[in-house]
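Chain by chain, the residues:
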Amino acid sequence: MHVIGYTGDSEKASWIKLELGLDWAFNYKTQDPDQTLKIAAPKGVDIFVDSVGGKMHQTVLGHMNFCGRVIQLGNLSMYNNPKQIPESVPSNDLEIALKALTIVGFNLYRYSEHFESTLDELSEWCRSGKLQAHEHDIEGFEEMPKALIEQLRGKYQGKIIIQA
């Protein structure tokens, strides 16, 4: 199994490759996702975890393997322009049908009965160092709008904590 990551920032691409241990990491703003997928996934993509949507979603669908799985977390590319409609959404229908893809939306509340046990396990992972949180502390409640905008633009990786 190989894990490929995309981000809109070269520094963050380096971070997810070196710190998080991904096999491949690319800046989709400076490196063409279609070309990089041909290099990093020459046999195709089996599982695609998508929080971006839009053009990136359409590009990866073209590289999906037969019976591949797509986990749709969000549609970050559309958050700043909710009226924008991807130009070729109907072409996705053909990719999904011909490749027999399974696309599942992720909703945290679907797993609510596991919250307590999961919290216990994740807490233990944090204590043992198996899981490390990446946080950015920002001083001042009045900085919250700026921090949100910067987060959506990809400035931070991990959690932002606003100190009031």
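Bear in mind the structure is a predicted one, so any value in this text is a computation, not a measurement. (Residues numbered from 1 in each chain as written. Predicted model: local features only at pLDDT ≥ 70, side-chain atom pairs only at ≥ 80, totals over all residues. Heavy atoms only, no water.)

> Would you mind showing me how to read unusual backbone geometry here?
Glycine aside, negative phi is the norm for most residues, and most peptide bonds take the trans geometry. Positive phi, normally seen in glycine, also occurs at Cys67, with a value near 65 degrees. Tracing the sequence through the fold places Cys67 in strand 4 (residues 64-72). With relative accessibility at 47%, the residue Cys67 sits in the partly exposed group. Positive phi outside glycine occurs at Ala100, with the angle close to 50 degrees. On the secondary structure map, Ala100 appears in the loop between helix 4 (89-98) and strand 5 (102-105). Given a relative accessible area of 30%, Ala100 falls into the partly exposed group. (Helix = DSSP H or I, 4+ residues; strand = E, 2+ residues; numbered from the N terminus. Buried < 20%, exposed > 50% of the residue type's maximum accessible area, 1.4 Å probe, protein only.)

> Teacher, can you tell me more about the sheet that holds strand 5 here?
Across a sheet, paired strands are connected by hydrogen bonds in the backbone, their directions being either parallel or antiparallel. As summarised here, the arrangement of the 3 strands in space is 3-4-5, forming an open sheet in which the pairing is parallel. This sheet does not close on itself; its edge strands, each paired only once, are strand 3 (45-50) and strand 5. In this sheet, adjacent strand axes meet at a mean angle of 10 degrees when their direction is disregarded. Strand direction decides the pairing type here: strand 4 and strand 5, joined by 4 bridges, are parallel. Bridging across to strand 5, Gln72 finds its partner in Gly105. (Pairing = 2+ DSSP bridges. Axes fitted to C-alpha atoms, helices over the stretch in contact; angles between N-to-C directions.)

> Please clarify how the side chain of Lys12 should be interpreted in this entry.
Here Lys12 lies in helix 1 (residues 10-18). Buried within the structure, Lys12 lacks any salt-bridge partner; Asp9 is the closest side chain of opposite charge, at an N-O distance of 6.5 Å. Polar contacts involving the side chain of Lys12 include one to the main-chain carbonyl oxygen of Tyr156, which spans 2.8 Å. Those residues within four positions of Lys12 in sequence are excluded, and the remaining contacts are Thr7, Gly154, Lys155, Tyr156 and Gln157. (Lys, Arg positive; Asp, Glu negative; His and termini not counted. Salt bridge = Lys/Arg side-chain N within 4 Å of Asp/Glu carboxyl O. Polar contact = N/O pair within 3.5 Å; in protein donor to acceptor, adjacent residues only side chain to side chain. Contact = heavy atoms within 4.5 Å.)

> Before we go on, may I ask you to explain the packing of aromatic side chains in this structure?
Think of a pair of aromatic rings as described by two things: how far the centres are apart, and how the planes are tilted against each other in angle. According to the stated counting rule, one finds 4 aromatic pairs in the structure shown. Pairing Phe106 with Tyr111 gives two aromatic rings, centres 5.8 Å apart and planes at 20 degrees, and the pair type is stacked. Note on Phe106: relative accessible area 42%, which makes it partly exposed. Looking at Tyr111, the relative accessible area reads 32%, which means it is partly exposed. (Phe/Tyr/Trp six-rings, centres within 6.5 Å; stacked < 30°, edge-to-face > 60°.)

Any link to function would need more than the numbers given here.
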